[in-house]
Amino acid sequence: MNKHFSLALIALAMAMRISAQDKISLAGEWQIRLDRNDEGMRQRWSLQTFTEPVKLPGAVQSQGFGDDPSIRTPWIGERGTERFLQQDKYKPYYPDDNFKFPFWLTPKKYYVGPVWFQKDINIPEGWRNKHIELKLERCHWGTTVYADGQYVGADSSLATAHVYDLSRLTPGKHRLTVRVDNRYLTEVGINAHSASDQTQGTWNGIAGDMLLEVKEKDFIKQVQLYPDLAGKQVRVSVKLARPAVAGQQLLLAAKPLGKGTAIAPVKQALQAGDSLLELNYPMGASFNSWDEFNPALYEMAVTLQSAMGKNVKKVQYGMRSIGTTADKLTINGHPIFLRGTLECAIFPLTGYPPTDTAAWGRICRIIKAHGLNHLRFHSWCPPEAAFVAGDRYGVYFSIEVDAWARVGDGASIDGYLYREAQRIVDAYGNHPSFCMLIHGNEPAGGKARDPYLAHWVKYWQERDNRFLYTAGSGWPALPVNDYHVSPDPRIQAWGEGVNSVINAKAPNSRYNFSDKMEQIHRNTGKRLPVVAHEIGQWCVYPDFSEIKKYTGLLQARNFEIFRDFMKKEHLQGQERDFLMASGKLQVLCYKADIEAGMRTGYAGYQLLDLHDFPGQGSALVGVLDPFWNSKPYCTPAEYHRFASATVPLALLPKFVFKNNEALTAGLQISHYGREPVKQAAISWRIRDQHKKVLASGNSRADLELRNDNPAASISFNLAGINTAQKLNLEVTVKGLGVNDWDLWVYPAEVTTAPAKDIIVVNELSDAVLQQLQAGAKVLLNINGKVAKGMGAEIPTAMSTVFWNTEWTTYQAPHTLGILCDPKHAAFARFPTEYHSNWQWWDILHTAQPMRLRDFPATLKPTVQLIDTWFEARKLGLLFEGKVGKGKLVVTSIDFTHDLENRPGARQLYHSLLTYMNGAGFNPAVTLDAAPVRALYQ
């Protein structure tokens with residue numbers, strides 16, 4: 001074959017392939033120009049040629065464009081810069097060559113303003129006289145598009161793709177110029193996760209699909225599907241790009257995605273002038289509905305047929321309806337219990353959310369593995385890929401329209417929220433995972449706020465029945481709402497500090513939030529389901545091994561600061577211990593929060609959070625890190641035990657008993673499984689610390705879809721337990737769920753009288769010091785006397801830190817539980833783990849921290865308190881040392897008052913005195929008297 005003829009054939013084949021393709025990706029190399037002075041429009045940069053290369057999709061900052069972050073950086077976010085500049089401890093991090101910011105992740109480069117991108121494109125010959133669209137997915141924020149220097153249009157959606165009509169372009173080469181402006185364009189709120197530096201960072205660029213797409217001039221612009229389960233059909237709304245002409249027709253054909261047979265198609269002849277059509281599509285008698293247990297999906301192909309050809313639009317959907325009862329949300333008529341967490345646009349490697357289904361599928365699988373079924377998008381809306389994954393894995397999404405803002409004042413945000421909501425519904429409304437639509441988070445405003453929000457809710461209720469609506473995540477609880485989202489039903493409210501349920505009330509597993517629910521109903525005059533807003537917020541110590549994971553745009557310089565603070569107090573080497581001990585307490589707090597809600601019977605909860613929130617002061621509230629990876633102290637299976645569809649609940653009056661009592665508890669089962677269960681097998685057992693079964697029982701119970709299915713009663717006489725022990729009660733619903741609780745049993749009669757050679761005092765007087773130096777054993781108890789500046793000012797309690805101390809302006813408590821060595825002889829008669837558990841409540845409730853900064857670096861407290869990472873002070877409740885020839889124990893635990901009703905404190909005191917009276921009492925660190933005396937006043 002002639003060489004030239006062969007090349008011609010190849011060229012012809014390539015041309016035919018290009019003309020036949022209907023999409024052209026624009027991903028790859030573009031040219032860039034930063035518009036620092038916002039002069040590009042005035043100077044008509046769209047007519048100029050750019051030369052510096054950049055890769056898109058992506059963020060320009062991650063490619064080295066912008067400035068090094070510094071003390072001059074104009075962050076978008078509340079409380080950051082001012083608190084940074086107010087405190088001397090941050091001064092070492094002010095200089096440019098050591099700049100580190102403590103309150104959110106720091107981008108490698110920072111830039112706010114317009115950026116211009118340019119690329120030469122080629123329109124194939126086969127696209128002549130057809131409709132051509134430019135799609136730019138996940139832009140941040142506003143875009144303006146020019147073709148061959150001529151203005152095409154502009155868009156400012158934060159939630160949906162920016163789509164432009166380029167039909168005027170003829171086949172051949174053209175220059176495309178896109179201006180992206182990441183400045184704060186609408187009052188969505190400076191902390192809104194759609195726009196704030198708190199999580200995403202103020203990145204500039206385009207993160208998702210970038211493509212050209214060709215269609216016939218007659219094409220289907222939009223398809224919206226409205227499942228009607230009762231009618232066994234789908235109402236189909238079809239919007240045409242231009243009015244129909246005689247002879248055109250629509251063909252609807254649906255099929256299941258997966259196993260199953262296609263459903264009979266429906267044809268509809270079009271009348272001239274038709275542009276919006278409504279059709280009913282029968283689904284047959286045996287369709288599968290969509291929910292968390294059976295995420296059955298269908299695909300409907302809508303075909304517009306005409307003499308010029310055909311245009312096909314395929315839409316994925318599920319047969320799903322959502323509704324309410326007086327206290328629950330329903331899916332397909334069945335009550336559900338929302339077990340949710342938040343997504344706040346936390347993606348540190350890129351700064352922006354992924355736009356691929358695989359990444360979102362991973363997140364959905366992780367959520368489900370922890371027992372959850374719900375994901376709330378806090379003040380932002382995810383891209384299409386998230387909805388596709390949510391559909392596939394059966395996750396209920398709550399979508400917010402970009403805002404954490406003040407509304408109702410007539411500012412641009414008021415109109416924006418209507419327009420943006422419409423764009424979101426048009427783009428994602430067919431996805432069954434899209435269940436709830438809210439304007440945003442925790443709205444502020446004046447007298448016009450509630451009327452504005454009530455109108456917004458009514459508008460959407462009348463417009464689209466596929467979703468539930470409420471006036472805001474958090475508040476207000478308006479009568480017009482389909483359901484409320486309220487911060488009231490949780491064990492720690494903002495500002496409660498040490499007066500919260502978990503800190504001020506003796507621990508038990510009986511309390512609930514029914515009174516708070518009734519108050520909400522009284523205030524609104526109407527019974528509606530209530531979802532608990534942002535429960536938890538329980539912190540864990542930073543895991544400094546995470547620092548190496550931040551290999552992308554955002555860096556954990558905040559962690560570097562916190563690590564420096566530890567080094568200043570000679571705490572390096574304890575990082576892992578602090579993480580593990582505070583983590584175990586964190587899980588205990590979340591378990592208590594979640595179980596209390598299940599006992600309440602509200603409509604569900606939204607955690608804050610399953611994974612860490614790196615903004616707002618660094619809120620380390622997750623059992624997962626910001627990358628959705630598990631931390632080492634809790635597995636998904638462990639979390640699943642108390643957060644799944646079926647959870648056994650033990651109604652225990654307390655967790656600490658004496659051996660002259662009986663352990664009694666009622667058992668109930670919270671069950672929101674696939675269906676009710678008849679005569680479920682229930683079993684329980686109580687085991688000692690050696691896993692020996694001390695008592696057990698079996699029963700059967702009918703499980704309805706409700707929180708409080710009665711299951712059994714437990715009664716176990718503790719008289720046979722003669723030594724202090726930790727027990728464990730485990731309850732199993734065969735094949736459905738397992739849960740457990742730690743319990744402690746102490747002897748009813750125990751001595752707290754010190755041995756004759758132990759001197760117990762509340763100050764180290766000269767006389768006592770003289771005895772100590774001569775060889776005496778001294779127990780110095782300074783509870784109630786700790787000096788200010790030496791720990792008296794540091795509030796401690798049972799719980800770990802709430803949200804974080806810096807952002808809450810040092811809301812109590814400031815500590816994250818205790819750390820100890822359970823093998824230390826001081827605990828021989830006080831069973832404990834290395835971390836806080838419920839038996840420590842009456843000890844921590846009245847204890848005072850002691851600050852040990854002036855003591856030897858080698859001193860390790862016998863009972864150490866883990867301080868907030870913003871201070872990282874070396875704190876103790878109990879420590880020991882040698883003074884001269886004597887042996888000294890110093891404690892700030894209350895071992896004096898009401899010990900009969902404080903069994904934990906009494907037992908620990910007994911164990912401590914026994915240790916001091918034994919041969920093993922031999923402190924290793926030598927102490928001076930002066931710093932000991934300086935601890936108290």
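Preceding this section is the structure that the text describes.
Here the residue index of a chain counts from 1 through its sequence in written order. The predicted origin of the model limits local features to residues at a pLDDT of at least 70 and limits the giving and counting of side-chain atom pairs to 80 or more, whereas totals for whole chains, interfaces and linings rest on all residues. Heavy atoms from the whole structure form the basis of all side-chain values; hydrogens and water molecules are not counted.

(A) Just the overall build of the chain, in detail. Per the convention used, a helix needs a DSSP run of H or I reaching at least four residues, while a strand needs a run of E reaching at least two, with both numbered from the N terminus. If you tally the helices and strands in the chain, you get 15 helices and 48 strands. The size measure is the radius of gyration over C-alpha atoms, and the globule rule it meets is 2.2 Å times the number of residues to the 0.38 power. In terms of overall dimensions, the chain is globule-like: its C-alpha atoms have a radius of gyration of 32 Å, near the 30 Å expected for 937 residues. Expressed along its principal axes, the backbone C-alpha trace of the chain runs to roughly 105 × 70 × 70 Å. Think of it in three bands: residues with accessible area under 20% of the maximum for their type are buried, residues over 50% are exposed, and the middle band is partly exposed, with areas taken using a 1.4 Å probe on protein chains only. Taking all 937 residues of the chain together, the buried fraction comes to 61%. Contacts: residue pairs with any heavy atoms within 4.5 Å of one another. Within the chain, contacts between residues separated by at least 24 positions form 73% of all contacts whose residues are at least 6 apart in sequence.

(B) Structural context of the packing of aromatic side chains. Two aromatic rings, drawn from Phe, Tyr or Trp (for Trp, its six-membered ring), form a pair once their centres lie within 6.5 Å of each other, and the interplanar angle then sorts them: stacked below 30 degrees, edge-to-face above 60, tilted otherwise. Inspection of every chain in the model, using the stated rule, returns 57 aromatic pairs. Each ring, one from tyrosine 459 and one from tryptophan 460, has its centre 5.2 Å from the other, and the planes form 85°; the classification is edge-to-face. By relative accessible area, which is 1% here, tryptophan 460 ends up buried.

(C) Region of interest: helix H3 (residues 357-369). Helix length check: H3 (13 residues) gives 18 Å between terminal C-alpha atoms against 18 Å at 1.5 Å per residue, within 8%. Among all positions in H3, only Trp360, Gly361, Ile363, Cys364, Ile366 and Ile367 are buried. On its buried side, H3 packs onto strand S25 (338-343), strand S26 (374-377) and helix H4 (384-393). Following H3 by one or two positions, glycine 371 adopts a phi angle in the positive range, close to 95°. The span you would expect from a helix comes to 1.5 Å times its residue count less one.

(D) Geometry of the environment of glycine 415. Mapped onto the secondary structure, glycine 415 falls in helix H5 (residues 412-428). Linking glycine 415 and asparagine 837, residues 422 residues apart in sequence, is a C-alpha distance of 51 Å.

(E) Spotlight on the packing of H3 against H4. In this analysis an axis means a line fitted to C-alpha atoms, helices contributing only their contacting stretch, and an angle means the value between N-to-C directions, from 0 to 180 degrees. In the contact formed by H3 and H4, the axes pass within 8 Å of each other and the chain directions differ by 45°. Classified by the angle between their axes, H3 and H4 sit oblique to one another. The crossing of H3 and H4 is right-handed. In contact with Thr357, Trp360, Gly361, Cys364, Arg365 and Lys368 of H3, H4 contributes Ala385, Ala386, Val388, Ala389, Gly390, Arg392 and Tyr393. Here the contact of H3 with H4 is built from residues that sort into 7 nonpolar, 3 polar and 3 charged. Relative orientations are named as follows: roughly parallel for angles under 35 degrees, roughly antiparallel for angles over 145 degrees, roughly perpendicular for angles from 65 to 115 degrees, and oblique for any other angle. The handedness criterion is simple: a crossing whose near helix is rotated anticlockwise from the far helix by less than a right angle is left-handed, and one whose near helix is rotated clockwise is right-handed. Gly is placed with the polar residues, together with every amino acid not listed as nonpolar (Ala, Val, Leu, Ile, Met, Phe, Trp, Tyr, Cys and Pro) or charged (Asp, Glu, Lys and Arg).

(F) Spatial organisation of helix H8 (residues 514-524). Buried within H8 are the following residues: Met517, Ile520, His521 and Thr524. Buried positions in H8, seen along its axis, are confined to an arc of 95° and lie on one side of it. Set apart from the buried face of H8 by more than 90 degrees, the exposed residues are Asp515, Arg522 and Asn523. Its buried side turned inward, H8 meets strand S30 (484-486), strand S31 (530-536) and helix H10 (575-600). Comment: arc refers to directions from the helix axis out to C-beta atoms.

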